[in-house]
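Breakdown of the fold
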Amino acid sequence: MPKLKLITFGCQANELDSERIVGLLAREGYELIERDEEADLIILNTCAIREKAEQKAYSRLGTFQELKRRKKGLRIGLCGCVAQQEGQALLARFPYLDFVVGPAQLTSLPRLLRDETNRGLATARTPTFSYPVSAPVYRRSAVKAWVSIMEGCDRFCTFCVVPFTRGRERSRPLQEIVEEIRGLKQRGYREVTLLGQTVNSYGKKLRPPASFVELLETIDRVVEGEMRVRFTSPYPGDVTQELAEAMASLPSLCEHMHLPVQSGSDRTLRRMKRGYSRDDYLKKVELLRTKTPALALTTDIIVGFPGETERDFEETLSLIQEVGYDGAFIFKYSTRPHTPAAGLSDQVTEEIKGRRLEQALGLLNSLSLARNRAYLGRTVEVLVDHEDVKRDAVRVAGRTRENKIVHFSGEGPTDGDLVLVAITGASALHLQGELICANGAKSSGKKDLTTLRPLSMIS
Ligand code: 5AD
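Residues numbered from 1 in each chain as written. Predicted model: local features only at pLDDT ≥ 70, side-chain atom pairs only at ≥ 80, totals over all residues. Heavy atoms only, no water.

Turning next to the overall build of the protein. Within the protein, the regular secondary structure consists of 15 helices and 19 strands. In terms of its C-alpha atoms, the protein occupies a principal-axis envelope of roughly 70 × 55 × 50 Å. The proportion of buried residues among the 459 residues of the protein is 55%. A separation threshold of at least 6 residues defines the contact pool for the protein, and within that pool the share at least 24 residues apart is 72%. Taken as a whole, the protein presents about 20,400 Å² of accessible surface, with 51% of it coming from carbon and sulfur. Computing the positive centroid from 67 side-chain charges and the negative centroid from 60, the protein places the two 3 Å apart. (Helix = DSSP H or I, 4+ residues; strand = E, 2+ residues; numbered from the N terminus. Buried < 20%, exposed > 50% of the residue type's maximum accessible area, 1.4 Å probe, protein only. Contact = heavy atoms within 4.5 Å. Areas by Shrake-Rupley, 256 points an atom, 1.4 Å probe, with all protein chains shown as cover. Lys, Arg positive; Asp, Glu negative; His and termini not counted. Charge placed at Lys NZ, Arg CZ, Asp CG, Glu CD.)

Pairs can form between side chains of opposite charge whenever their charged atoms are close. For the structure shown, the criterion picks out 41 salt bridges. Close ionic contact of Asp98 with Lys68 constitutes a salt bridge, the shortest N to O distance being 2.6 Å. Within this pair, whereas Asp98 is found in the loop between helix H5 (88–93) and strand S5 (99–101), its partner Lys68 is found in helix H3 (residues 65–70), the two being separated by 30 residues in sequence. Several salt bridges converge on common partners, so that one network encompasses Glu19, Arg139, Arg172, Glu176 and Glu180. (Salt bridge = Lys/Arg side-chain N within 4 Å of Asp/Glu carboxyl O.)

Moving on: helix H12 (residues 278–291). Taking 1.5 Å as the rise per residue, H12 with 14 residues should run 20 Å; its terminal C-alpha atoms sit 20 Å apart, in good agreement. For H12, every residue scored as buried is listed here: Arg278, Tyr281, Leu282, Val285, Leu287 and Leu288. In this structure, the buried residues of H12 make contact with helix H10 (241–249), strand S12 (256–258), helix H11 (266–272), strand S13 (296–303) and helix H13 (310–323). (Expected span 1.5 Å × (residues − 1).)

Let us look at the site of the ligand. Around the ligand, the structure places Ile49, Arg50, Phe159, Gln262, Asp300, Ile302, Phe331, Lys332, Tyr333, Ser334 and Arg336. At 2.6 Å from an oxygen atom of the ligand is found a side-chain nitrogen or oxygen belonging to Gln262. Here an oxygen atom of the ligand sits 2.7 Å away from a polar atom, N or O, in the side chain of Asp300. In isolation the ligand has 400 Å² of accessible area, and contact with the protein removes 87% of it. Class assignment for the residues of the shell around the ligand results in 5 nonpolar, 2 polar and 4 charged. (Near = heavy atom within 4 Å. Polar contact = N/O pair within 3.5 Å; in protein donor to acceptor, adjacent residues only side chain to side chain. Nonpolar A, V, L, I, M, F, W, Y, C, P; charged D, E, K, R; others polar.)

This paragraph deals with the confidence of the model for the protein. Parts of the prediction with low pLDDT should not have their coordinates interpreted in detail. Looking at the protein as a whole, the pLDDT averages 93, with 93% of positions reaching at least 70. Segment residues 452–459: pLDDT under 50, and 10 contacts once partners within four positions in sequence are set aside and those in other chains are kept. (pLDDT = per-residue confidence, 0-100.)

Take the sheet that holds strand S10 (residues 191–195) next. Pairing is parallel across the open sheet formed by 3 strands, whose spatial order is S7-S10-S11. On the outer flanks of this sheet lie strand S7 (144–148) and strand S11 (228–232), each paired with one strand and no other. Adjacent strand axes in the sheet meet at a mean angle of 25° when their direction is disregarded. Where S7 meets S10, 5 bridges bridge the pair, whose relative direction is parallel. Across the sheet, Ala145 pairs through a bridge with Val192, a residue of S10. (Pairing = 2+ DSSP bridges. Axes fitted to C-alpha atoms, helices over the stretch in contact; angles between N-to-C directions.)

Positionally, Glu191 belongs in strand S10. Considering only alpha carbons, one finds Glu191 and Leu367, 176 residues apart in sequence, at a separation of 28 Å. Dropping the residues within four chain positions of it, Glu191 is found in contact with Val143, Lys144, Ala145, Met227, Arg228, Arg230 and Leu383.

What follows covers helix H14 (residues 350–373). Helix length check: H14, at 24 residues, gives a terminal C-alpha distance of 34 Å against a target of 34 Å (1.5 Å per residue), a fit within 8%. Here H14 has its buried residues at Lys353, Gly354, Arg356, Leu357, Ala360, Leu363, Leu364, Leu367, Ser368 and Asn372.

The next subject is the domain arrangement of the protein. Domain boundaries in the protein define domain 1 (3–122), domain 2 (144–373) and domain 3 (379–451). Every contact between the two is made by 27 residues of domain 2 and, on the other side, 23 residues of domain 3. Taken together, the two surfaces of domain 2 and domain 3 that pack against each other cover about 1,900 Å², and 45% of this comes from carbon and sulfur. When the buried surface of domain 2 facing domain 3 is broken down by residue, Arg190, Arg228 and Asn372 rank first, second and third, together holding 37% of it. For the interface between domain 2 and domain 3, the tally reads 5 salt bridges. Counting across the domain 2 and domain 3 interface gives 18 residue pairs in polar contact (both at pLDDT 80 or more). For the side of domain 2 that touches domain 3, the secondary-structure elements that each account for two or more residues are S11, H10 and H14. The greatest single-element share of the side of domain 2 that touches domain 3, amounting to 6 residues, is contributed by H14. (Domains from an automatic or database assignment. Buried area = accessible area lost by both parts, 1.4 Å probe.)

A word on the pairing of strand S19 (residues 430–438). With 5 bridges connecting them, strand S17 (residues 405–409) and S19 associate as parallel partners. Within S19, the residue paired with His407 across the bridge is Gln432. Alignment of strand S18 (residues 418–426) against S19, held across 7 bridges, turns out to be antiparallel. Residue pairing across strands places Val419 opposite Ala438, the latter belonging to S19.

Put into structure tokens, the structure is as follows:
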């Protein structure tokens, strides 16, 4: 059996693509392995969102040059967004690279591998695969699954490579998604995350058109409380009243939204072409929180976008403060090929970007800590997804419906169990607690668990 080593960089869409790669290659007889030295085929599934991610892929690729020289027959391939962005240039730059495959051409992998004479290239001018995607998915987890519902993006924010690497927006037929989720439920999956670059723009281009909320309602009926449902990432401009109502009323839908804001300054938002103002964004947050008070909110923020002044940055800080996020990914702006912002003359220095990043992270941490401290003394439902045995102590971890990571100790629960945990400790990134009891197969849904007390407190 030929052996495959697969290295994944980047977002959840890439994680899912990697599961597709393994699925496709399993059909060709490949077995997934961990150790580089044993591999007959090494694939790097890359990310191009920031320069650092791209550099990471190149430096990892570089470490295989020596192995390639030593091991006859070893083949090395580069997939993902860097493959799409750089194409042919990669084959010229890295002579030991055998093939390059863009995200929309994954299904051509088996064909490229069978042809041993050529160095292969499969990247489309505009990546436009359409659904159904025929690649089988090999899922790493037996508890949580990613399901792609739409691909690509039509927004063309001025900093972002996604429309170039993943192509234009296209949605998967509703029935096909629902059938996939029905199958996951039958196989005992406990959570599904719907994926798309602007996930809530789903369905606009389908004929007949479907809506994101209609999809969520249909999925909710299918999972019957036996699976948690999440989605990522929504575009703020497409957060509607109906979506806010669905978040509040559909029992399967978890109380968490990752809602990328990017900046708190109207001037910067305009220059980014985000299509909403600070006030528009804050109104969406208010709408969501009014309907779902327990909602946890996380976001993405870019600091040091070209032309960002100290005042613009302060507006970002004040927005972080005003929203009081549960968490955020904060990035230094990174110049990306093909994007309009790369050509702007007023680039911000690395030093200023670094300082702004530190400052924003400091503020964020204090707010996340405060949000997490509010859980102290409460009882939460945790979906167990990680068990660690260290020096005889069993440490278990899982996530609350609000997507908070909870660590607790105790034997018994295994991956996929729903348990109730009393929260006894909080940091900016995690919660800690004591196991109360298993919660059975069905999720508590939107029920309030705050009245429950740990067993030790009852006695
Ligand atoms: N520089 C820095 N961060 C970026 N992101 C996207 N493009 C860039 C860039 N050029 C961030 C955004 C996005 C997240 C996935 O990555 O915050 O929401």
